[in-house]
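Structural features, examined
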Amino acid sequence: MFQGKRIILAVTGGIAAYKAIALTSKLTQSGAIVKVILTKNAQQFVNALSFQAISRQPVYDDTFDEFDPTKVQHIDLADWADLFVVAPATANAIGKFANGIADDLLSTVYLATTAPVFIAPAMNVHMYDHPAVTENMETLRRRGVHFLEPGEGYLACGYVGKGRMAEPEDIVQSLLRYTQQKKTLLGKRVLISAGPTKERIDPVRFMSNHSSGKMGYQLAEVAQQLGAEVTLVSGPVNLASPVGVKLIQIETADEMYQAMVESFDQQDIVIKAAAVADYRPVKQHDKKLKKQDGDLAIEMERTQDILKALGEKKTNQYLVGFAAESDNHMNYGEKKLKEKNLDAIVINDISNPSIGFQSDQNEVTFMTNDQHDFFKSASKNTIATQIFNRIIEEIGVD
């Protein structure tokens, strides 16, 4: 699968370093040439001999160990790599990368390489959620770094939560998808909506929903990697803009309607993944509503049905909707597919918390008029890739 691919695997100082031995083995067995960089702290958990025995390549751990006097080691390593993988990546390493610190072999090679970079974070759940770490990761994403999302579960520190390094098998699959990905959608224009909307009640209150925007953002990222010119219309979310994607930020259902309709005619593929408010308050108050005795009733009115409007406006576009349902998923999805003149609909079960709005996982059915494809639980990036694979089949792109 990776025959002849030259991969730098950098291992930093966390207990998940033991997984890097298995990762080295899997990559080597798949035909890759793997050169390992061990930081000083990583060597507190694993040793160079294990990696050397498996990779049959030298292991690098010191900036000033110049094995070949005709070359500068960190530049030679940086130029050699086809892929640069950091697994596990500690908060410290991520901070160095984001801030341009070059004080050891790993950080100097990172700054010098032009190879695609993949980072598999591994740390305590509170460290992973810390604003400093979050901002550093967002900075790196904006620069084009690919993150291999950590899993949730029991952590070595005793906590339960997000922070476990992605499994070696999943990392191999992510790298494989990247290396085998063709620019199938080169020359195509793709419009995607994502996230929730906010409908104002008064200056301090609004109505919204639990959508995180993660699915739509992953769809935009995958489309861009496939070569498409991507426009992402996004409600208010806490996510970094995918690299190379045109981002249009909106708040209300009406603003999303305007943005989608205005961009629609120029598109080849349109995916409405946003969770748009179906209703909004008839009256938006200029001043804060004061608490009163008794109940409060807010009169609501329907927002414009964006997907139906796009279905009516459709000419040559391939139009995909989303149906987030808590019951009768297939029936509601099929009804929506037909009533709104869609080419396909993606149906998911929001009653399952492991694949709900805030989760990094999803499980969906991709439905067209003559075919149903079930995509079992996987990362939202994987699901996004599977969705685009089906769209590409449907529109007949080679």
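Predicted model, so just to flag it, every value in this text is computed and none were measured.

Calculation notes
Residues numbered from 1 in each chain as written. Predicted model: local features only at pLDDT ≥ 70, side-chain atom pairs only at ≥ 80, totals over all residues. Heavy atoms only, no water. Helix = DSSP H or I, 4+ residues; strand = E, 2+ residues; numbered from the N terminus. Rg over C-alpha atoms; globule rule 2.2 N^0.38 Å. Contact = heavy atoms within 4.5 Å. Areas by Shrake-Rupley, 256 points an atom, 1.4 Å probe, with all protein chains shown as cover. Lys, Arg positive; Asp, Glu negative; His and termini not counted. Charge placed at Lys NZ, Arg CZ, Asp CG, Glu CD. Phe/Tyr/Trp six-rings, centres within 6.5 Å; stacked < 30°, edge-to-face > 60°. Buried < 20%, exposed > 50% of the residue type's maximum accessible area, 1.4 Å probe, protein only. Salt bridge = Lys/Arg side-chain N within 4 Å of Asp/Glu carboxyl O. Domains from an automatic or database assignment. Buried area = accessible area lost by both parts, 1.4 Å probe. Polar contact = N/O pair within 3.5 Å; in protein donor to acceptor, adjacent residues only side chain to side chain. Axes fitted to C-alpha atoms, helices over the stretch in contact; angles between N-to-C directions. Parallel < 35°, antiparallel > 145°, perpendicular 65-115°, else oblique. Left-handed = near helix turned anticlockwise from the far one by under 90°. Nonpolar A, V, L, I, M, F, W, Y, C, P; charged D, E, K, R; others polar. Core = buried A, V, L, I, M, F, W, Y, C linked by side-chain atoms within 4.5 Å. Pairing = 2+ DSSP bridges. Arc of directions from axis to C-beta.

Glancing now at the overall build of the chain. Of the regular secondary structure elements, the chain holds 13 helices and 20 strands. The globule rule puts the C-alpha radius of gyration for 398 residues at 21 Å, and the 24 Å found for the chain is close to it. Across its three principal axes, the chain shows a C-alpha extent of roughly 75 × 55 × 35 Å. Of all intrachain contacts in the chain linking residues separated by at least 6 positions in sequence, the fraction that spans at least 24 positions is 66%. By element, 47% of the accessible surface of the chain is carried by carbon and sulfur atoms, the whole surface being about 19,500 Å². Distance between charge centroids for the chain: 1 Å, based on 42 positive and 49 negative side chains.

To describe a pair of aromatic rings, you give the distance between the ring centres and the angle between the ring planes. For the structure shown, the criterion picks out 3 aromatic pairs. Summarising the aromatic geometry, the rings of F118 and Y178 are spaced 5.2 Å apart at their centres and angled 80° between planes, so their arrangement reads as edge-to-face. Note that F118 is positioned in strand 5 (residues 117-121) and Y178 in helix 8 (residues 168-180), a separation of 60 residues in sequence. Note on F118: relative accessible area 3%, which makes it buried. By relative accessible area, which is 29% here, Y178 ends up partly exposed.

Before going further, it helps to spend a moment on the pattern of salt bridges. This structure, assessed with the given rule, holds 18 salt bridges. For K96, the salt bridge identified is with D104, shortest N-O distance 3.4 Å. For K96, a relative accessible area of 13% puts it in the buried group. Here R390 ties to D373 by a salt bridge, and the two come within 2.7 Å at their closest N and O atoms. Of this pair, R390 sits in helix 13 (residues 380-395) while D373 sits in strand 20 (residues 372-379), and the two are 17 residues apart along the sequence. R390 gets classed as buried once you look at its relative accessible area, which sits at 5%. Here the salt bridges share partners, and the residues they tie into one network are D373, R390, E393 and E394.

Moving on, we get to the environment of P281. With respect to the element layout, P281 can be found in strand 15 (residues 279-281). P281 sits 26 residues away from L307 along the chain, and the two C-alpha atoms are 21 Å apart. Ignoring any residue separated from it by four or fewer positions in sequence, one finds P281 in contact with E199, R200, I201, M207, I298, E299, M300 and E301.

On to the domain arrangement of the chain. For interface size, the figure often reported is the accessible area lost on association. When its domains are assigned, the chain resolves into domain 1 (6-182) and domain 2 (189-395). A C-alpha centroid distance of 34 Å is found between domain 1 and domain 2. Listed as interface residues are 11 residues of domain 1 and, on the opposing side, 9 residues of domain 2. Three residues stand out in domain 1 for area buried against domain 2, namely E138, R177 and Q181, and they jointly supply 50% of the buried area on that side. At the boundary of domain 1 with domain 2, the tally comes to 0 salt bridges. Applying the counting rule to domain 1 against domain 2 returns 1 residue pair in polar contact (both at pLDDT 80 or more). Examining the composition of the side of domain 1 that touches domain 2, we find that 3 residues originate from one element, helix 7 (residues 131-142), more than from any other.

Attention now goes to the packing of helix 1 (residues 17-29) against helix 8. When two helices pack together, their arrangement is given by the angle between the helix axes and by the axis-to-axis distance. Between helix 1 and helix 8, whose axes approach to 9 Å, the crossing angle comes to 45°. Taken together, the axes of helix 1 and helix 8 lie oblique to each other. Between helix 1 and helix 8 the crossing geometry is right-handed. Packed against helix 1, whose contacting residues are K19, A22, L23, K26 and L27, the element helix 8 presents P168, E169, I171, V172 and L175 at the interface. In terms of residue class, the contact of helix 1 with helix 8 is built from 7 nonpolar, no polar and 3 charged.

It is worth spelling out the nonpolar core at this point. In this structure, I192, L219, I271, I387, F388 and I391 are the most contacted members of the largest nonpolar core, which totals 34 residues. Those residues in contact with I387 that sit more than four places away from it in its chain are M215, L219, F322, V346, F366 and F375.

We now examine the sheet that holds strand 2 (residues 33-38). Spatially, the 6 strands line up as an open sheet ordered 3-2-1-4-5-6, and their pairing is parallel. Pairing within the sheet leaves two strands with one partner each, and these edge strands are strand 3 (59-60) and strand 6 (146-147). The pairing of strand 1 (residues 6-11) with strand 4 (residues 83-89) spans 4 bridges and is parallel. Across the sheet, I8 pairs through a bridge with F84, a residue of strand 4.

This next bit is on helix 3 (residues 73-80). Buried within helix 3 are the following residues: Q73, L77, A78 and W80. Seen along its axis, helix 3 keeps its buried residues to an arc of 165°; they face one direction. Turning to helix 3, the residues buried within the fold contact strand 1, strand 2, strand 3 and helix 5 (105-112).

Another point: the sheet that holds strand 19 (residues 361-367). The sheet built from 8 strands is open, its strands ordered 13-12-9-14-17-18-19-20 with mixed pairing. Looking at the sheet topology across the chains shown, the edges are occupied by strand 13 (246-249) and strand 20. Strand-to-strand twist across the sheet, computed as the mean angle between neighbouring axes with direction ignored, equals 15°. Most of the contacts of helix 12 (residues 329-339) go to strand 18 (residues 344-349), to which it runs at about 155°, and overall it touches strand 17 (318-325), strand 18, strand 19 and strand 20.

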